Every structure is written in C-alpha cells, then in structure tokens.
Amino acid sequence: MIEVQNLTKRYGHKTAVDGVSFTVAPGIVTGFLGPNGAGKSTTMRMIVGLDRPTHGSVTVNGKPYAAHRSPLTEVGALLDAKAVHTGRSAYNHLRAMAATHGIPLSRVHEVIEMTGLQSVAKKRVGGFSLGMGQRLGIAVALLGNPRTLLLDEPVNGLDPEGVLWVRQLVRSLASEGRTVFLSSHLMSEMALTADHIVVIGRGKILADAPVSQILAAASGNGVRVRSPQATLLAELIAPTGAQVTSSEPGLLYVNGADAAAIGELAASSGVVLHELTPIETTLEAAYMELTADSVEYHSAPTGPSGPPAISRPTTTLTGGK
Amino acid sequence: MSAATLTRPSAGPTSKFIVTFPRLLRSELIKFLTVRSTLWSLSVAVVLVIGFGAIMASASKSQDAFGDGVSVGAMAPIVGVYFAQLVYVVLGVIGIGSEYSTGMIRSTLSAAPTRTPALLAKTVVLGIASFVVSFVSIVVAFFLVQAILSSTDHAASLGDPHVLRMLVGAALYLSFMTMFSLSIGAIVRNTAAGISIVVGLLLILPTFLPIIPWKPLKEIVKYLPGVGDAVMLPPGQSTHTAWVGFAILAAWTVVGTIVAAVLLKRRDA
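Small disclaimer: the values here were computed from a predicted structure and weren't measured.

Trainee: Just checking my understanding: could you explain the UniProt feature "transmembrane region" (unreviewed entry) in chain B for this structure?
Mentor: Residues and elements named next belong to chain B. On the UniProt side, "transmembrane region" (unreviewed entry) is annotated at positions that read residues 39-59, 79-98, 119-144, 164-188, 195-214 and 242-264 here. Across residues 164-188 one finds 100% helix and 0% strand; the C-alpha atoms that close the span lie 36 Å apart. A distance of 33 Å separates the end C-alpha atoms of residues 242-264, which is 100% helix and 0% strand.

Set out below in structure tokens:
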C-alpha cells in the first residue's frame, strides 16, 4: 500500500508535482500514466526517498520508505535501469545490493535466472543492450522479494517475449497480494496489465479510477447507426438523454445509449437499421482526452491529423477502487 | 525467461534481511573489489612507493642525500609516498564520484535510504583498504631500500628512532588522504571537480601561496591538509611535530566527512 498525501515538489520556480494525493492498493496492478514531464518519475522518486518533497508526505505500508529497516523487502523499485556502475558485472552489482540486507547469494542466482540474465551475468554492465539493462533493473527490484513493486517503464527496450513476461510477472505478483505500481507510455500494454489507473498531468492528478471506469467515461464510446430513417431515429433517441451526432446523411453516432436499447427502440418504431455497431474507446484515446490540456512537449503534426475530433470531459474523474 | 512466481510468507516480515552497518561494510567491500580500475590504481600506487624507494636508495648510495641527521635508509621509502598520494587521492574521489557519474548512487541510496551509514561504510572501507595496501607497500619498500644500501653505512633498521613511526605514519597519512578525498568527492558530487580541489589544496596552494608576501596566507599554508606529512617525516623536517601535523589532516577529514554527510542527507539523490 502506497499512500501519497498532498505531495508537492518544487525546483525553484517550477512545480513538478503539485499537491498530489492518491492511494495505491495491494492486490491489483495500478498504472501510472502521464505525458512527458508530467511528474511521474519525480513522484516515484519521492516514494522511495530519492527526492525530498517540498510539502506533503508519502508512506509505504504505513511508514516513510527511509523508516523501514529492510527497505528492499518493502519496495522493489525499477526507476532507472542505468543506475549501475558500468565497470561492474551484473552479478557483482546484484551481490553488492544483496549484501546490504544480508540477502543470500542463492537469491541473487534466483533473480538472474528469473530475468534470463544467466548468459550475461558475469559481463560488464557497460556493454549491455537496453533490454539486458532493463532486465537487470527488474532483477534488482525483485531481489528482496518485495511487498511492493515500483516500476518506471519496465518494458522499455524489451523484446515481445520480455514484454509478455513482465505482464505475466506483474499480474501474478499482484494476485499474491503485493502492491504493484507501474508507469508506462505503452497504452496497449497498460490496458492489458492494469486494473486501476492514475493519470497525472502538469503535476496534478487528472484521473484516479479503475480502468473500466476510465474507458466508460471517455467520449469515444458509442454506437454507430446507419439507417434510411436516421432523422426519425435521432428524434426518437433524443428524449432518452443520449447525445446524437450526425456527420453525413443516414449515419448517426450515439453516445450514452447501448446498442441493444437503440435496436429495440428502432424495432418498436419500425425504423430500418442497416448498421448497429458498438464502438469501444481505447485507453490511448481516453488518455489523450484526459491529458490534452496537460501535454508539456507537443510534437508537430505530420500529414493529415489522426483521430477524429473528440469532446473533452468537463469534470475530473475520480472513482472507487 | 522463466515465469516462475515468487512465493511469499503470507504473514510476518522478512525481518532478518535488515540493513546493518556490518552489512553495508560488506557491500562497500564488494563494490571496492569488483571494479577493475580500483585494483589497477592500487597496483600503480604500490609500484610507485616501492619503485621510488629503490630509485632514491640507489641514487643516494654514496651521499647523504637528505642532510644531516636524516638517514637515507629511513627517508628513501617515504619518497614514493609523495607520488603515490596522487593515486590515493584519485581513488578516494572516484570512490564516490563514479557512483554519481554512473547513477549508481540511486541504487546505493535505495538500499540504504538513511544515507549517512552508507557514506560512513564507504569511508571505513576505503580508509582501511588504503591503510593496509600502503602499509604493506611501504614495509616492502623499506626492506628493499635497506637491501640496496646494505653495503653502505646509510642503511637503517626498524629499531632506529622514529623509523617505525614514520612507516606507520606514512600509511596513516595515505589512508586519511584517501578518506579526505572521498569526503570532497561526496561534497561536490563530481570526480573532476573533486580531484581538482584536493590537488589544489595539496600541491598548488602550498607551492604558490608562499610566493605572495602576505602574512595571513603564510599562516593558512601551515594548516592545509598536506601538513599531515609531518607524521611520516623525521623530527625537524616539517613546520609541525608529527602528531600535530597528523591531527590537522585528521581534522580536515572529519570536518569534510561531516559536511558530506549533512549535504548527502539533505539533497536530492
């Protein structure tokens, strides 16, 4: 369990994290999303005491990280896979980390095997590829068999087998009752891995809700309807409170009513339907909507613009666990 | 990669895996011994001490090189220390500087979030390692020098006045110089800056400050860390007595370490 309360971090004039509060619960995978520069890494660094908050507090399992007598068994963190001496071998790095807590050598061998580093363990870390370095970082995080896992971009640089492995590992760790908090920019992976999402933008929390709720509240959900009596159908739907838009004759896009309800309504009024398709939004689209105003570093558009215009929610989402 | 799951005891913390100072010492020792450049540097330092001792002894066979009352046999082993100290300074600064330059410091401070014990553990390991290596090299140099001088009347023996103090003092000097350099490296968090500062205090200031004819500067020179070399010199060869000079170096080291610890605790990693 990670509890963040009113956490603030200022660097001079710049506020990187602004009064952020949320709780990361055990037993589920919580995803941490946000644009570049939103404050994700800063927040995670404050959780493990690497950065000092300007205001506010963060506790892990009831105590600040530094107050735990066995920090690596409380939190296994992968914040920066490059936080290793390049002249040292992976094996010796793990030995040195394990030694601080008296963790036995057998555990070092265990995590090397789990992360598939056997063939490169005795080689200098300086020569590692991105993926191997990432696996070493995961090995270090797992060294203490921790109750909480804090992973910043864990699949960065991993091949598809590695990506799948991390997803399965993370889900199985959560199912054992551990707390898993991971950040990623890979929306498709996050949608498959996470149960709960926290979205941060410009240092503030934009959303803190189960994945299903975030998807449901996004505007991309709806039903596409084609009918020769589209206008009539639109008038029939309007009283139900659902929003109906139309971009061409005969095509309706309905937001707020499900396909079954529309089908029944059409049938009871004798309206002919040529198409009735539920459209589900993706986590990527929902995330883009939420963070549209909070992106720090905009890329210049290339070619015709991508997704169609989507409406932005006017209220911030917060949901139950 | 395997998909092996970890089984965890459902109740009770893994409390036997707590961070203790002896465990931090062990971790720092592993770090010290598992980087090639450390072992190379120490080898160079050993060669410098023994090599310059031999050179001085061979060159001084027929003359009283150090002036009246200072036996060549006693001084020659110490000469190499003045060269080797630069290696120990670099070793001390790099000991913490490389953690900052590679980002390793974040791993170190994740394992030891109270921070100060990690710095102290590193200081102790470097201090003891540099003492042991330098003492062995100086003793070897001593016996080599006496062997070279055996045909002359310049040879010394361990029982001669001050000799034992000079040899132990030289190892203490190098050991504290290493620990002092570590503290400077920890304060500036940068290898190049750390080495520049220590070399400046050790070599440049004592050489150039006396040129300026201003009395306060001449006083300052007497209290720079390098005056610790009094502990490895015969009496009368330095502005301070042996243990007073050493106390000044020790004070620089202690103050440096305290400042480093305070800054480490307060700053972001």
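Read on for the rest.
Trainee: Which parts of the structure should I look at to understand the interface of chain A and chain B?
Mentor: Where interface size is quoted, it is often the accessible area lost as the parts come together. Contacts between the two partners involve 53 residues from chain A, matched on the other side by 40 residues from chain B. Across the chain A to chain B interface the summed buried area is about 4000 Å²; carbon plus sulfur atoms make up 56%. At the junction of chain A and chain B, the tally comes to two salt bridges. Close ionic contact of A:Asp80 with B:Arg106 constitutes a salt bridge, the shortest N to O distance being 2.3 Å. At the surface where chain A touches chain B, the tally comes to 16 residue pairs in polar contact (both at pLDDT 80 or more). Elements represented by at least two residues in the side of chain A that touches chain B include exactly β1 (2-11), α2 (71-74), α3 (90-101), α4 (105-114), α5 (130-142) and α6 (160-175) of chain A. Per-element accounting of the side of chain A that touches chain B gives the leading share, eight residues, to α3(A). Looking at the side of chain A that touches chain B residue by residue, the class counts come to 18 nonpolar, 17 polar and 18 charged.

Trainee: Is there a simple way to explain the pairing of strand β12 (residues 251-255) of chain A in this structure?
Mentor: All names here are of chain A. Direction of pairing for strand β10 (residues 222-226) relative to β12: antiparallel, over a ladder of four bridges. The residue of β12 that forms the bridge with Val225 is Leu252. In the sheet, strand β11 (residues 243-248) pairs with β12 via four bridges, with the strands oriented antiparallel. In the sheet register, Val244 faces β12, and the bridge partner there is Val254. Between the end of β11 and the start of β12, which pair antiparallel, lie two residues, with Gly250 showing a positive phi angle near 90 degrees.

Trainee: I would appreciate a short explanation of α4(A) in the present structure.
Mentor: A turn of α-helix holds 3.6 residues, and therefore any two residues three or four places apart point the same way. Regarding α4(A), the residues found buried are A:Arg107, A:Val108, A:Val111, A:Ile112 and A:Met114. The buried residues of α4(A) all sit within an arc of 165 degrees when viewed along its axis, so they share a single face.

What counts, and at which threshold
Residues numbered from 1 in each chain as written. Chains lettered and ligands numbered in written order. Predicted model: local features only at pLDDT ≥ 70, side-chain atom pairs only at ≥ 80, totals over all residues. Heavy atoms only, no water. UniProt positions renumbered as here; feature names shortened; annotations may be inferred. Helix = DSSP H or I, 4+ residues; strand = E, 2+ residues; numbered from the N terminus. Contact = heavy atoms within 4.5 Å. Buried area = accessible area lost by both parts, 1.4 Å probe. Salt bridge = Lys/Arg side-chain N within 4 Å of Asp/Glu carboxyl O. Polar contact = N/O pair within 3.5 Å; in protein donor to acceptor, adjacent residues only side chain to side chain. Nonpolar A, V, L, I, M, F, W, Y, C, P; charged D, E, K, R; others polar. Pairing = 2+ DSSP bridges. Buried < 20%, exposed > 50% of the residue type's maximum accessible area, 1.4 Å probe, protein only. Arc of directions from axis to C-beta.

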